[in-house]
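# Working through the structure, step by step
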Amino acid sequence: MNPLLSKLQPYPFERLRQLFAGVTPSPYHSPISLGIGEPKHPTPEFIKSALVNSLEGLAGYPATAGEPRLREAMAAWVKRRYDLDLNPATQILPVNGSREALFAFAQTVIDPRWPTPAVVCPNPFYQIYEGAALLAGADPYFAPSDPARNFAVDWDSVPADTWARTQLLFVCSPGNPTGAVMPLSEWQKLFELSDRHGFIIASDECYSEIYFRDEPPLGGLEAAKKLGRDDFRNLVAFTSLSKRSNVPGLRSGFVAGDAAILKQFLLYRTYHGSAMSPVVQAASIAAWNDETHVVENRVLYRKKFAQVTPILAGVLDVALPDAGFYLWARVPEALGLSDTGFARELLAQYNVTVLPGSYLAREVGGFNPGTQRIRMALVADAAECVEAALRIVNFVQSRSR
């Protein structure tokens, strides 16, 4: 077996199952899960129709690069969303969801012949970043987010000798779990570091279409263009339909950016067998070509967060994020509970599931930046999320007496 597999840590949801072993959820309350970031809003009917009406496509092998009309639909969306003109033949590549692509991308770009190649990522972070780095033979380095700066990542804390051996940088904007959006100044800093040290930036943007301000979040490719980097050198953006269009089961997204890197990524994917099903391509074309359902979806999240956030803010240190569908709350010290203890007791007393923040981060220098925080995914309908919030308020108040 690959010895690097032994370096992988249990996935957060496996740790959650272990944490809840032996806990009997309250039988007096219906179960509500805010633990998993899985969209629950209905899939638009026109996307399902496009899928069902394209079954004849199953008769042939799909190309790894996807159909030209799929890449053209993706390029058209990038133009509408970011005002960027991408070449659909060389600067866009369909993928089977951003999770699969993020993992595969690290296997493509990491050169394990380097002495201790490094992969830098935020902390807390999407757990695929760590696993992808480890199985590519690299050493992950975790840069902490700073609550005092709206959870912006402290890139300045990364030592110079780590940047010198970095081959890949994962960024996530809007961030998971904090919802923080990177400003142009931060992108400029990372581009300058990339130019100095030669590493590639993988920009995970799967939450880009769920936001609460009037102005949509700045994307990596958009930032590059604003800074005169029209060739998108050493930059690849990852996006997905899962959150945007409520189709996590479709497993559909795309990567875009540096044409030279995507050429090599396509080579890897050709051998890896990563072609997107023709029926999924048809449904994806329909989804990327429509924006009405995305606006309607965003309205649902905005209304839901407007209802739930003030309720929870009365008892928890929590605020409306820049974007995404998570609330990143601090456990009150007065409760005398750790983030894991909070999650266990809440399930036992009120049958509400939340994810301990420490499960989404790693301890660096004796400190885990997710400690004493919980992540709540407001993915269910508004009524269920409000009910969960009210139970959490009751739980905190009962523990504070």
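Attention in this report is confined to the structure presented alongside it.

Rules used in this analysis
Residues numbered from 1 in each chain as written. Predicted model: local features only at pLDDT ≥ 70, side-chain atom pairs only at ≥ 80, totals over all residues. Heavy atoms only, no water. Helix = DSSP H or I, 4+ residues; strand = E, 2+ residues; numbered from the N terminus. Rg over C-alpha atoms; globule rule 2.2 N^0.38 Å. Contact = heavy atoms within 4.5 Å. Areas by Shrake-Rupley, 256 points an atom, 1.4 Å probe, with all protein chains shown as cover. Lys, Arg positive; Asp, Glu negative; His and termini not counted. Charge placed at Lys NZ, Arg CZ, Asp CG, Glu CD. Phe/Tyr/Trp six-rings, centres within 6.5 Å; stacked < 30°, edge-to-face > 60°. Buried < 20%, exposed > 50% of the residue type's maximum accessible area, 1.4 Å probe, protein only. Lys NZ or Arg CZ within 6 Å of the ring centre and 35° of its normal. Pairing = 2+ DSSP bridges. Axes fitted to C-alpha atoms, helices over the stretch in contact; angles between N-to-C directions. Right-handed = clockwise from strand over helix to strand, strands pointing away. Salt bridge = Lys/Arg side-chain N within 4 Å of Asp/Glu carboxyl O.

Turning next to the overall build of the protein chain. When its secondary structure is counted, the protein chain shows 14 helices and 13 strands. Against the globule reference of 21 Å for 401 residues, the protein chain gives a C-alpha radius of gyration of 21 Å, in line with a compact fold. For the protein chain, the spread of C-alpha atoms along the principal axes amounts to about 65 × 55 × 45 Å. Once local pairs closer than 6 in sequence are excluded, the contacts in the protein chain between residues at least 24 apart make up 76%. Carbon and sulfur atoms make up 54% of the accessible area of the protein chain, which amounts to about 16700 Å² in all. The positive charge centre, built from 38 side chains, and the negative charge centre, built from 40, are 3 Å apart in the protein chain.

Let's shift gears to the packing of aromatic side chains. Overall, the coordinates contain 19 aromatic pairs when judged by the stated rule. Measuring from ring centre to ring centre gives 6.0 Å for Y11 and F13, while their planes differ by 55°; the resulting arrangement is tilted. On the accessibility criterion, Y11 (26% relative accessible area) is partly exposed. Seen from their ring centres, Y207 and F325 are 5.4 Å apart, and the 90° between their planes marks the pair as edge-to-face. Here Y207, found in the loop between β7 (200-204) and α8 (220-226), pairs with F325, found in the loop between α12 (292-313) and β10 (326-330); they are 118 residues apart in sequence, far enough to count as distant. We classify Y207 as buried; its relative accessible area is 3%. One aromatic cluster is present, formed by W77, Y82, F254 and W288 through successive ring pairs. In this structure, R269 is placed above the aromatic ring of F265, and the distance from its NZ or CZ to the ring centre is 5.1 Å.

Turning our eyes to something else, we now look at the sheet that holds strand β12 (residues 355-356). Read across the sheet, 3 strands follow the order β10-β13-β12 without closing on themselves; strand pairing throughout is antiparallel. Edge positions in the open sheet fall to β10 and β12, since each of these has one partner strand only. Direction of pairing for β10 relative to strand β13 (residues 373-377): antiparallel, over a ladder of 5 bridges. Residue pairing for β13: W328 is matched across the bridge by R375. Where α12 meets the sheet, its contacts fall on β10 and β13, and the angle it forms with β10 comes to roughly 5°.

A regular strand carries its side chains on alternate faces of the sheet. With 6 of 6 residues buried, strand β8 (residues 235-240) lies mostly within the body of the structure. In β8, alternate side chains face the same way, and those of L235, A237 and T239 on one face and V236, F238 and S240 on the other are all buried. Of the pairings in the sheet, the one linking β7 to β8 comprises 4 bridges and is parallel in character. For I201, the partnering residue across the bridge sits in β8 and is L235. Between β7 and its parallel partner β8, the chain crosses via α8, and the hand of that crossover is right-handed. When β8 meets strand β9 (residues 253-257), the two strands line up antiparallel, connected through 5 bridges. Within β9, the residue paired with F238 across the bridge is V255.

By the definition in use, this model includes 20 salt bridges. Here R81 ties to E209 by a salt bridge, and the two come within 2.8 Å at their closest N and O atoms. Here E209 lies in the loop between β7 and α8 and R81 lies in helix α3 (residues 68-82), a separation of 128 residues in the sequence. E209 gets classed as buried once you look at its relative accessible area, which sits at 6%. The partner of D195 in a salt bridge is R229, with the nearest N and O atoms 2.8 Å apart. Taken as a pair, D195 in helix α7 (residues 184-197) and R229 in the loop between α8 and β8 lie far apart in primary sequence, 34 residues in all. We classify D195 as partly exposed; its relative accessible area is 41%. In this structure, a network of salt bridges that share partners links the residues D195, R229, D231 and R233.

Okay, the side chain of T353 next. On the secondary structure map, T353 appears in strand β11 (residues 352-353). With a relative accessible area of 14%, T353 lands in the buried category.

Let us look at the sheet that holds strand β6 (residues 166-172). Taking strand neighbours across the sheet as the criterion, the 8 strands line up as β2-β9-β8-β7-β6-β3-β4-β5 in an open arrangement whose pairing is mixed. Strands with a single pairing partner mark the edges of an open sheet, and in this sheet they are β2 (92-95) and β5 (152-153). Bridge analysis of strand β4 (residues 139-146) against β5 gives 2 bridges, and the strand direction is antiparallel. Across the sheet, D146 pairs through a bridge with A152, a residue of β5. Lying over the sheet, helix α4 (residues 98-109) contacts β2, β6, β7, β8 and β9, oriented at roughly 160° with respect to β8.

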